[in-house]
Structures are given as structure tokens and as C-alpha cells.
Amino acid sequence: MNILITGASRGIGGAAYALLKRHGHNVLGHSTRGSDLLIAGDLADPGAPRAIWDTALDELDGRIDVLVNNAGIYESVADNATDDEWHSAWHRTLTINLQAAADLSRLAVSHFLDRGEGGRIVNVISRAAFRGDSPQHWHYAASKGALLAVIKTIARGYAADGILCFGVAPGFTVSEMTEEYLQGRGGAKIIADIPLGRVASTDEVAETIRWLAVDAPASATGSVIDVNGASYVR
Ligand SMILES: NC(=O)c1ccc[n+]([C@@H]2O[C@H](COP(=O)([O-])OP(=O)(O)OC[C@H]3O[C@@H](n4cnc5c(N)ncnc54)[C@H](OP(=O)(O)O)[C@@H]3O)[C@@H](O)[C@H]2O)c1
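Note that this is a predicted model, so its numbers are computed, not measured. (Residues numbered from 1 in each chain as written. Predicted model: local features only at pLDDT ≥ 70, side-chain atom pairs only at ≥ 80, totals over all residues. Heavy atoms only, no water.)

Engineer: What am I meant to see in the overall build of the protein here?
Structural biologist: When helices and strands are tallied, the protein shows eight helices and seven strands. For a compact globule of 234 residues, the expected C-alpha radius of gyration is about 17 Å, and the protein comes in at 17 Å, within 12% of that figure. Out of the 234 residues in the protein, the part that is buried amounts to 50%. Considering only residue pairs separated by 6 or more positions, the protein has 69% of its internal contacts joining residues 24 or more positions apart. A total accessible area of about 11200 Å² is found for the protein, and carbon and sulfur atoms account for 49% of it. Side-chain charges in the protein split into 20 positive and 27 negative, and the spacing between the mean points of these groups amounts to 6 Å. (Helix = DSSP H or I, 4+ residues; strand = E, 2+ residues; numbered from the N terminus. Rg over C-alpha atoms; globule rule 2.2 N^0.38 Å. Buried < 20%, exposed > 50% of the residue type's maximum accessible area, 1.4 Å probe, protein only. Contact = heavy atoms within 4.5 Å. Areas by Shrake-Rupley, 256 points an atom, 1.4 Å probe, with all protein chains shown as cover. Lys, Arg positive; Asp, Glu negative; His and termini not counted. Charge placed at Lys NZ, Arg CZ, Asp CG, Glu CD.)

Engineer: Quick question: what am I supposed to make of the site of the ligand here?
Structural biologist: Lining the immediate environment of the ligand, one finds 32 residues, of which S9, I12, N70, Y140 and S175 sit closest. A distance of 3.5 Å separates an oxygen atom of the ligand from a polar backbone atom of G171. One nitrogen or oxygen atom from the main chain of T173 is found 2.7 Å from an oxygen atom belonging to the ligand. Protein chains shield 94% of the accessible area of the ligand, which is 890 Å² for the free molecule. The greatest single-element share of the shell around the ligand, amounting to three residues, is contributed by helix 6 (residues 176-183). The residue makeup of the shell around the ligand, split by class, is 13 nonpolar, 14 polar and five charged. (Near = heavy atom within 4 Å. Polar contact = N/O pair within 3.5 Å; in protein donor to acceptor, adjacent residues only side chain to side chain. Nonpolar A, V, L, I, M, F, W, Y, C, P; charged D, E, K, R; others polar.)

Engineer: Looking at this model, I keep getting lost on the pairing of strand 4 (residues 66-69). Mind explaining?
Structural biologist: Residues in a regular strand point their side chains to alternate faces of the sheet. Residues of strand 4 alternate between two faces, with V66 and V68 on one and L67 and N69 on the opposite face, all of them buried. Pairing of strand 1 (residues 2-5) with strand 4, which is carried by three bridges, proceeds in the parallel orientation. Bridge pairing in strand 4 links I5 to V68. Of the pairings in the sheet, the one linking strand 4 to strand 5 (residues 119-124) comprises four bridges and is parallel in character. If you follow V66 over to strand 5, its bridge partner there is R120. Handedness of the β-α-β unit built from strand 4, helix 3 (residues 83-115) and strand 5 comes out right-handed. (Pairing = 2+ DSSP bridges. Right-handed = clockwise from strand over helix to strand, strands pointing away.)

Engineer: Teacher, can you tell me more about the nonpolar core here?
Structural biologist: Considering soluble globular proteins, one finds that nonpolar side chains tend to be buried as a cluster. If you look at the biggest cluster of nonpolar residues, it comprises 35 residues, and the most contacted ones within it are L4, L43, W53, I64, L67, I121 and I125. At the level of elements, helix 2 (48-59), helix 3, helix 5 (138-158) and strand 6 (163-170) are the ones that each hand at least two residues to this core. Setting aside residues up to four positions removed in sequence, I125 forms contacts with F130, K144, L147, L148, I151, V168, A169, P170 and V224. In terms of nonpolar packing, the next biggest core, distinct from the first, is built from 27 residues, I5, V168, I209 and V214 among them. (Core = buried A, V, L, I, M, F, W, Y, C linked by side-chain atoms within 4.5 Å.)

Engineer: Where do I start with the pairing of strand 5 in this structure?
Structural biologist: The element strand 5 is largely enclosed, with a buried count of six among its six residues. Across the two faces of strand 5 the burial is the same, with G119, I121 and N123 and R120, V122 and V124 all buried. Bridge count between strand 5 and strand 6: six bridges; the pairing is parallel. By the bridge assignment, V124 is partnered in strand 6 with V168.

Engineer: What is the right way to read unusual backbone geometry from this model?
Structural biologist: Most peptide bonds are trans, and most residues other than glycine sit at a negative phi. Look at D61: it is not a glycine, yet its phi comes out positive at around 55°. Position of D61 among the secondary structure elements: in the loop between helix 2 and strand 4. With phi around 65°, A230 is a residue other than glycine that occupies positive phi space. As for its placement among the helices and strands, A230 is situated in the segment after strand 7 (224-227).

Engineer: Quick question: what am I supposed to make of the packing of helix 1 (residues 11-22) against helix 8 (residues 202-215) here?
Structural biologist: Describing two packed helices takes the angle between their axes plus the distance from one axis to the other. The contact between helix 1 and helix 8 brings their axes to 8 Å, and the two run at 55°. As judged from the angle between their axes, helix 1 and helix 8 are oblique. In terms of crossing hand, the pair formed by helix 1 and helix 8 is right-handed. Along the contact surface, helix 1 presents G11, I12, A15, A16, L19 and L20, while helix 8 presents T202, D203, V205, A206, E207, I209, R210 and V214. In terms of residue class, the contact of helix 1 with helix 8 is built from nine nonpolar, two polar and three charged. (Axes fitted to C-alpha atoms, helices over the stretch in contact; angles between N-to-C directions. Parallel < 35°, antiparallel > 145°, perpendicular 65-115°, else oblique. Left-handed = near helix turned anticlockwise from the far one by under 90°.)

Purely geometric numbers; function is a separate question.
Next up, the structure:
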């Protein structure tokens, strides 16, 4: 299968990229600056999703079967920040985590409709979409909750065309995004809140992405798999 995955340089996306390759798929990864293997595009730039999509289509001989929207940021802003700081944090997080994923999803849906052979989209959201997040992360939780609504909309709107859309909702997962926090004073408190007794590994989230991207039955479209050690059950 021809698969495009964003944010494949490290963390969850890096693990999913490597796993999908090991399974023999034709995987094209992306990151902000790119590399010999990865295509580049800063998703804070409104023009980036279309440029990434067009480059990916070229590199994958005009056919993409699966889009994985994994890239994301987890930046904090204080609830008593200045209006300008607050608005710019919201704008940046919503642009990267929500708008870029929606833009890429729209391009994928259009491509799948044109080809008439269906396709899959897997969006990496977060436990925060259901549970909310810390007082420094209203915008992060809002971005993931909104992306959940996009997943459901695509699933319902295009299932009849063979276009399936899924979500993965990790809880705390060891990656650069969380490493510092987990090693600091907050770490022990986080673990105490997870019945499984540990945070998720990037490999566990990667396997969930792989399954949804390749194997999940069509009737599961619109669903989201939690990977959070039962720290939030819904
Ligand atoms: N880790 C967790 O505990 C956790 C929990 C719930 C959900 N998630 C979600 O899982 C996904 C991956 O998280 P992670 O922990 O693996 O993150 P990570 O280790 O920080 O990696 C983030 C990835 O996204 C890319 N990225 C960041 N900003 C970008 C931008 N402006 N333009 C293009 N690419 C950008 C990075 O590329 P560069 O290397 O080029 O910067 C990198 O490949 C995110 O959507 C995150 O919200 C993570």
C-alpha cells in the first residue's frame, strides 16, 4: 500500500513509519525540515498541506491509499498570558494540529473520490479530546476534540465511497513531546494515575496506527482506539 505519514521524524510517527516499512508498505514520511528520506513542510504554513500532498503524490507515482495525520505539537500557554500570547498560541496549535490535518484529509478524500477505489485516513488525536487537558493546554485539547469531530464527519460522509476514517487516542506516551515532563516531578503523579502502571510506548501506538491503516474492518470506520493504560475509560 502507498502510505503518507506526517511527523515521521521521531516519536509515534517515527515508530509507525518504521513499522509500516517493515510490513512491506511503500511509506512516505514527512517532517518539518525533511531529510534524505522524509519530505519537508512546516504545517504552521497554510500552504504546506497542499505542497506536501502534491510532492507525496509525485513520489508515490500518483497513488496514495492511506493518509496518517500524526504530526502535532503540545505547547503550553498560561491561562493568565497576555491576549496576544494567548491568541498566538491558540492560532499556532489549531493551525498545526487541526487545520493542517483537515486540509490533508480533504486532499486525500478528493484523491480517493477521483480514483474511485476508496482509501483510509488515520488521525492521531489524544486522550485530551475526551478528557480535556491541563490549564496550560486548553488549545491542545480543543484541537484534538475538533479533529475527533472531523474523523466522525469524514467517516459518515464518505463510507459509501469506500473512504474510511479512524482515530488513535494515546494517553501519555514516551516521546520527545513528553520526555522532559515524565522525567520531572510530574512523572510519578502521571504514572500513579495509570492503572497499567506505565505510560504507553511509541511501538504500541504505532501498532494501533498500522492496524487501523491496513487491517481494521470497514465497519469500524468512525471509531477511535484508546491507547492509555485505562487512565481514561469512556
Ligand atoms: N506523546 C504523547 O504523550 C502523546 C499523547 C497523545 C497524543 N499524542 C499525539 O501524537 C502525535 C505524535 O506525538 P509525539 O509524541 O510522537 O510527538 P514528537 O515526538 O514531538 O514528534 C512530533 C512530530 O511532528 C512533527 N511536527 C511538529 N511540528 C510540526 C510542524 N510545525 N510542521 C510539520 N511537522 C511538525 C515533528 O517533526 P520535526 O521532527 O521536524 O519537528 C515530529 O515528527 C501528535 O499528534 C500528538 O499530539 C502524543
